[in-house]
Amino acid sequence: MERTKILKLNGQYIGMQMPYWMGYSVLSTFTSVFLLARELTNSQIGMILALANLLAAILQPFLAAFADRMVRLLLSQLAALLASGLILLAASLLVVSDQVFLIGVIYVLLYASLLLLQPLTIAIGTFFISRGYALNFGVARGLGSLAFAIAATITGLLIKHFSAIVILYGLMGIFLVFVLVTLTLDTRKIGGKYSTHQQTVQSAAATANEEPIDLVSFAKKYHRFMSLIVGVSLLFVFHNIVNNYMYQIMQPLGGSASDVGTSLSIAALFELPTMFLFLAILKFFNVSQLMRAAALFFSIKAVIILLAGNLFMINLAQSLQMTGFALHTMASVYYTNQIIPQKDLVKGQTLMIAANTVGGIIGSFLGGQLLSFFSVQAMLLAGTVISIVGTLLVWGSVEDVTD
C-alpha cells in the first residue's frame, strides 16, 4: 500500500510539473513573437518583461512569507488559485487586440503570475521530500523539461502555419490541466495522508508550530546565502536574454519562429539526463561542487553564443543546458534544503527562484534597450560580462556542504 501511495504521489507531482513547464515554454519562448505580432517594439517588449519580472520579484518574498504562515489555505490550493488567475488573464488578451497600453498591462500581470507560480511548484515538492517521502524531484522536473521541449516545438510549428494567437489558447488549455491536477495533491501540514512519515505526529506538529522568521531577519541570519542569490541573479541575466530574445538573436542568422522553438527544445531535451540522473550524480559530487560547476557552464554557454556565427553554434551552446541550467536547477533545490531550516524553507526556495526573476528584470530591460539602440551583438556582449561576474560571485558564496 505504501508503494502504491508513493507511485501515486510521484504521478500527481509529475502531472503538475509537466503542464507548468509546457505553459512556461509557450509563454516565455514566444513572448517576442506574440508581442511583435501585436505591433509592439523591441524596447516596449523589454520594458514589459522587465516590469513583469520586477513585479514578481517584489511579490515573491511576500508570497513566500504568506505561504510559510498560512493555515486555512493549502500550498496546492494557493498554486491552483494563481494558475486560475493566469487563465483569466490569457483569455482577456483574446479580447484586447489593438490597445497597446492595455496589452502591456495584462501581459505584465500574466508573465508575473507565471513566475510567481514556479516557487510554489518547487515548495510543493519539498513539502513531501522534507517529510521523508520518496518523491523523485529530478524525474518530475526532467519530464517538465521534456514537456517544455515538446510544447516549444509544437507551438513554433502552429505559429508558422496559423498565427501567434495559438499561444493564448495553448496557455488556457495547459493551465486548466495544471489546476485540476494540483488540486488533487494533499499538502495539509497536519492530518493529511502525507503529513507524517519518518516523523512522529508530535514532531510534525512541533515543526508546524515553529515560527518562521521575517525577511529582514532571514537576510541577516543567512547573509552568505543572500550573496549567493545575487550571484545567481547575475547568471540569469544572460539566461533570460537568450530565452526572451532568441527570435531576435536568430533572425540575423536566418532563423525563424520555428527555429526558435527547435533551439529551445534542444536546450530542454539536454536538461533531461542531468535531472533524471541527479541523485546518482550526488553520489560522486557534493551539492556545493555542483553549484559551482553549474555557474561555470552558464558563462561558457554565454561565450559560445556571443561568438556564434550560425544557427548550429547556437544550438551547440544550447546543449550546455545539461551542465549549466539543469545542474543549477537541481543542485539549488537540494542545496537550499540543506542550508535553510524547514520552517523557512518556502522562503529560501522562493528567494532562489527570485534570483531568476531579478535576472529577468535586468536581462529583459537591458536586452530590449540594447536591441533598440545598438545591436544584437552589444546585447550578447553585455550579458556575457554580467554572467562571468555572476560565476565569480557564486564561487565565493557557496558554502561547503558535505552531506
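Above this note sits the structure.
A quick note: this is a predicted structure, and the numbers were derived from the prediction, not measured.

Chemist: Could you give an account of the side chain of Ser113, naming the residues involved and the relevant values?
Modeler: Looking at the element boundaries, Ser113 is found in helix H5 (residues 100-129). Overall, Ser113 belongs to the buried group, its relative accessible area being 10%. A polar contact is formed between the side chain of Ser113 and the backbone oxygen of Leu109, at a distance of 2.8 Å. Apart from residues no more than four positions distant in its own chain, Ser113 is found in contact with Leu82, Leu86 and Leu89.

Chemist: Break down the packing of helix H6 (residues 137-161) against helix H11 (residues 257-276) for me, with residues and values.
Modeler: For the pair H6 and H11, the least separation of the axes is 8 Å and the interaxial angle reads 170°. In this view, H6 runs roughly antiparallel relative to H11, as classed from their interaxial angle. Considering only residue class, the contact of H6 with H11 consists of 14 nonpolar, eight polar and three charged.

Chemist: Could you give an account of the packing of aromatic side chains, with specific residues and numbers?
Modeler: According to the stated counting rule, one finds 11 aromatic pairs in the structure shown. Look at Phe236 and Phe325: their rings are 6.1 Å apart centre to centre, the planes differ by 80°, and that puts the pair in the edge-to-face class. Separated by 89 residues along the polypeptide, Phe236 in helix H10 (residues 223-250) and Phe325 in helix H15 (residues 325-339) bring together distant segments of the chain. As far as the burial class goes, Phe236 and Phe325 line up, both buried. Ring plane angle 35° and centroid distance 5.4 Å describe the contact between Phe278 and Tyr334, whose orientation is recorded as tilted. Of the two residues, Phe278 sits in helix H12 (residues 278-281) while Tyr334 sits in helix H15, which places them 56 residues apart along the sequence. Across this residue pair, the class does not change: Phe278 and Tyr334 are buried.

Chemist: Help me get a handle on the environment of Leu176, residues and values and all.
Modeler: The topology assignment puts Leu176 in helix H7 (residues 166-182). Sequence separation of Leu176 and Ala83 is 93 residues, and the distance between their C-alpha atoms is 7.8 Å.

Chemist: Please provide a residue-by-residue account of a nonpolar patch on the surface, values included.
Modeler: A cluster of nonpolar side chains, namely Met47, Leu51, Leu54, Ile58, Leu59, Phe62 and Phe365, defines an oily patch on the protein surface of about 620 Å² accessible area. In terms of residue count, helix H3 (residues 42-69) provides more of the nonpolar patch than any other element does, six residues in total. Exposure remark for Leu51: the relative accessible area of 41% places this residue in the partly exposed category.

Chemist: Give me the environment of Phe175: which residues, what numbers.
Modeler: Mapping Phe175 onto the fold places it in helix H7. Along the chain, Phe175 and Met22 lie 153 residues apart, while their C-alpha atoms are 8.9 Å from each other. Every residue in contact with Phe175, bar those within four places of it in the chain, is listed here: Tyr20, Gly23, Ala83, Leu86, Ile87, Leu114 and Leu117.

Chemist: Account for the nonpolar core, with residues named and values stated.
Modeler: Grouped together as the largest cluster of nonpolar side chains are 129 residues, with contacts concentrated most on Tyr107, Leu110, Phe175, Phe225, Leu228, Tyr335 and Met379. Counting residues per element, this core draws most heavily on H5, which supplies 17 residues. If we skip the residues at most four places from it in the chain, Tyr107 touches Leu27, Thr31, Phe34, Leu35, Ile48 and Leu93.

Chemist: Explain the side chain of Gln248 to me, using residue names and the numbers behind them.
Modeler: For Gln248, the position within the fold is in helix H10. Ignoring any residue separated from it by four or fewer positions in sequence, one finds Gln248 in contact with Ser32, Leu36, Asn42, Leu371 and Val376.

Cut-offs and rules
- Residues numbered from 1 in each chain as written.
- Predicted model: local features only at pLDDT ≥ 70, side-chain atom pairs only at ≥ 80, totals over all residues.
- Heavy atoms only, no water.
- Helix = DSSP H or I, 4+ residues; strand = E, 2+ residues; numbered from the N terminus.
- Buried < 20%, exposed > 50% of the residue type's maximum accessible area, 1.4 Å probe, protein only.
- Polar contact = N/O pair within 3.5 Å; in protein donor to acceptor, adjacent residues only side chain to side chain.
- Contact = heavy atoms within 4.5 Å.
- Axes fitted to C-alpha atoms, helices over the stretch in contact; angles between N-to-C directions.
- Parallel < 35°, antiparallel > 145°, perpendicular 65-115°, else oblique.
- Nonpolar A, V, L, I, M, F, W, Y, C, P; charged D, E, K, R; others polar.
- Phe/Tyr/Trp six-rings, centres within 6.5 Å; stacked < 30°, edge-to-face > 60°.
- Patch = residues over 30% accessible without salt bridge, like charges linked within 9 Å, V, L, I, M, F, W, Y side chains within 5 Å.
- Areas by Shrake-Rupley, 256 points an atom, 1.4 Å probe, with all protein chains shown as cover.
- Salt bridge = Lys/Arg side-chain N within 4 Å of Asp/Glu carboxyl O.
- Core = buried A, V, L, I, M, F, W, Y, C linked by side-chain atoms within 4.5 Å.

Don't take any of this as a statement about function, it's just geometry.
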